[in-house]
Every structure is written in structure tokens, then in C-alpha cells.
Amino acid sequence: MRILLVEPVARKAQETTWHMEKAGFTVDHVNTGHDALGMLKAYNYDLAVMDMRLPDVDGYEVIRISRAARVPTPVMVLSEERAATAKVKAFSIGADDYVTRPYESMELTARMQAVIRRSKGYSEPTLRAGELELSLDSREVTVHGQNVHLTGKEYMILELLLLRKGMVLTKDAFLNHLYGGMDEPEMKIIDVFICKLRKKLQAAGAGQLISTVWGQGYVLRDEGVQTAIPQPQQSTMHATVF
């Protein structure tokens, strides 16, 4: 999942980024409100984590403007301000959660995952399609209860497809999710990732979950999926994310 971190203090940004990346998030960092607004309007983030004390535009104003512009990205405030009035103000203008510093890293990442799940319409940390299950907490993928080994990029693509199950996703959407506009490779790399992911899921017995919508992109559906029980020699694969 891709996160936008809005934090003007370099030391805090480095510390928070470290905790997020350790939990499996991909993090883009900006340190001003104007940059935050630009990134939120240009890219489809799963969550924005934002300090309110920014050097140019007040953090509350960033949230207000983004909501007025119909930016759907959920926002978590990360602040040292503990006053109830500050929290009420943040929620009233559109914040989805409010975490105060100092924070416990495990609580922070758990609450981030919870906000993202709620924003996608999920109440639990496991995404399912047919016999396929993906745990957002452990980043493990299983089919028929057996672990499936995926690379980091393959996991991110599957995660995005499951979070937006039934929606056709363009190759641009995948590139944005994987690279966030930074040093993006050629678009055909998405076809390569999808091909490898399909082969691994089919070999594990998940069936044909990922469909190609010609001229548009890819979609994951699980209605009426016919699955096949994997052969014994394919049942010892382990999930590792690089």
C-alpha cells in the first residue's frame, strides 16, 4: 500500500518512514502543504499521514482543500497536539483518524491498516477471492490454505486488485501504485508482472481470477471461479516479499 507522508521535520520523517516501511508500506514524503496538495491531486494514495504544523499551508487547510476538490484519499493526522479541540477540528474537516506523538509504532501501523481497510469497504484484515486469501497484516498470500511465494511487486499488484475487486484497473493505475510516478519503467512491465502472478496463482489452484479487459486494463473477479486443488509438490511454497 502506498502512503503519502507530510512531515516538515526531517528527523521525524525519517523515523516515521522507517516504521511504515518496516510494516510493508511504500512511502512518499513531502514537507510542505503545497507539495502535499499536488501529490494528492496527481496520485491515488491509499492513505495520507499528515502533520498539522507545516511551513506554508496549515495542515487543516490542506485537508479542507483536498476534500473540497473531492480527493478521496483517507487522511490520518499525526500530531503532538493532544487537545480535544484540535481532534474535533481535524475530524470535522474530513480527517479519518488522529494519532498523537509519541506513538507506539505497532499501534500506528495497525491504525493505518484499519483506516485503509475501512476506506475500501473491508472490516477485517483478510482479503478473499475464491480460495485465495491475502492478509494485509502479515502480507501472506494463501490458496487452499497453502502459502504462495510472491515478489514484492507481484504482492502489491495482487493487493491492489483485491482492494478494488470488480473494478477495471488501467496500467497507469498499476504504475502509480508500484512506483508513485518516480522512475517509472515502460508500461509493458505491468503485462510481465500480471503474467507471472497469474501463473503462480493458477499453479497453486486459484483458478483464473485475473481477467484482461482489452484496451482498458485488468480486473479481478471471483464470481463463479472454478478452482483446482494444487498438486502435493506445489503445496510448500512460502510467501516472501522483497
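1. A few points about the overall build of the protein chain
Part 1 of the reasoning: On a plain count of helices and strands, the protein chain comes out with eight helices and 11 strands.
Part 2 of the reasoning: Buried positions account for 48% of the 242 residues belonging to the protein chain.
Part 3 of the reasoning: Contacts spanning at least 24 positions in sequence make up 59% of the contacts within the protein chain whose residues lie at least 6 apart.
Part 4 of the reasoning: As displayed, the protein chain has an accessible area near 11700 Å², and 51% of this comes from carbon and sulfur atoms.

2. A closer look at the pairing of strand 2 (residues 26-30)
On any regular strand, side chains alternate: one points to one face of the sheet, the next to the other face.
Part 1 of the reasoning: One ladder, built from five bridges, connects strand 1 (residues 2-6) with strand 2; its direction is parallel. Residue pairing for strand 2: Leu-4 is matched across the bridge by Asp-28.
Part 2 of the reasoning: Crossover handedness for the path strand 1 to helix 1 (residues 10-22) to strand 2: right-handed.

3. A closer look at the pattern of salt bridges
Part 1 of the reasoning: According to the stated counting rule, one finds 12 salt bridges in the structure shown.
Part 2 of the reasoning: Taking the shortest distance from any N to any O, the salt bridge between Glu-107 and Arg-111 comes out at 2.9 Å. Residue Glu-107 and its partner Arg-111 are both found in helix 5 (residues 105-120); the two are separated by four residues, about one turn of the helix.
Part 3 of the reasoning: Note on Arg-111: relative accessible area 26%, which makes it partly exposed.
Part 4 of the reasoning: Through salt bridges with shared partners, a single network forms among Glu-7, Asp-51 and Arg-101.

4. Focus: the nonpolar core
Part 1 of the reasoning: Counting residues in hydrophobic clusters, the biggest one holds 50 residues, and the most contacted among them are Ile-3, Val-49, Met-112, Leu-158, Phe-174 and Ile-210.
Part 2 of the reasoning: No other element matches helix 6 (residues 152-163), which puts eight residues into this core.
Part 3 of the reasoning: Filtering out sequence-adjacent residues up to four positions away, Ile-210 remains in contact with Leu-161, Ile-194, Leu-197, Arg-198, Leu-201, Tyr-218, Val-219 and Leu-220.
Part 4 of the reasoning: Core analysis: the next-biggest nonpolar cluster, separate from the first, contains 23 residues, Val-30, Leu-40, Ile-63 and Val-77 among them.

5. Focus on the sheet that holds strand 7 (residues 132-135)
Sheets are built from strands that pair by backbone hydrogen bonding, the pairs being arranged parallel or antiparallel.
Part 1 of the reasoning: Strands sit in the order 6-7-8-9 across an open sheet of four strands; the sheet is antiparallel. One side of each edge strand has no neighbouring strand; the edge strands of this open sheet are strand 6 (126-129) and strand 9 (146-147).
Part 2 of the reasoning: Sheet analysis places strand 6 next to strand 7, joined by four bridges and oriented antiparallel. Following the sheet pairing, Ala-129 is matched in strand 7 by Leu-132.
Part 3 of the reasoning: In the packing of helix 6 onto the sheet, contacts are made with strand 6, strand 7 and strand 8 (141-143), and the angle to strand 7 comes to roughly 105°.

6. Observations concerning empty space enclosed by the protein
Part 1 of the reasoning: Per the counting criterion, the structure on display carries one cavity of 30 Å³ or more.
Part 2 of the reasoning: By volume, the largest cavity amounts to about 30 Å³.
Part 3 of the reasoning: Taken together, Met-1, Ala-23, Gly-24, Phe-25, Gln-113, Leu-136, Arg-139 and Glu-159 form the lining of the largest cavity.
Part 4 of the reasoning: Residues that form the lining of the largest cavity fall into these classes: four nonpolar, two polar and two charged.

7. Some points on the sheet that holds strand 3 (residues 47-50)
Part 1 of the reasoning: With respect to topology, five strands assemble into an open sheet ordered 2-1-3-4-5, the strand pairing being parallel. At either margin of the open sheet sits one strand with a lone partner, and together these are strand 2 and strand 5 (97-100). On average, adjacent strands in this sheet sit at an angle of 20° to one another, irrespective of strand direction.

Parameters at a glance
Residues numbered from 1 in each chain as written. Predicted model: local features only at pLDDT ≥ 70, side-chain atom pairs only at ≥ 80, totals over all residues. Heavy atoms only, no water. Helix = DSSP H or I, 4+ residues; strand = E, 2+ residues; numbered from the N terminus. Buried < 20%, exposed > 50% of the residue type's maximum accessible area, 1.4 Å probe, protein only. Contact = heavy atoms within 4.5 Å. Areas by Shrake-Rupley, 256 points an atom, 1.4 Å probe, with all protein chains shown as cover. Pairing = 2+ DSSP bridges. Right-handed = clockwise from strand over helix to strand, strands pointing away. Salt bridge = Lys/Arg side-chain N within 4 Å of Asp/Glu carboxyl O. Core = buried A, V, L, I, M, F, W, Y, C linked by side-chain atoms within 4.5 Å. Axes fitted to C-alpha atoms, helices over the stretch in contact; angles between N-to-C directions. 1 Å grid on protein atoms, 1.4 Å probe; cavity = no way out; pocket = protein on both sides within 12 Å on 5 of 7 lines; lining within 4 Å. Points joined across faces, edges and corners; volume = space filled by probe spheres on them. Nonpolar A, V, L, I, M, F, W, Y, C, P; charged D, E, K, R; others polar.

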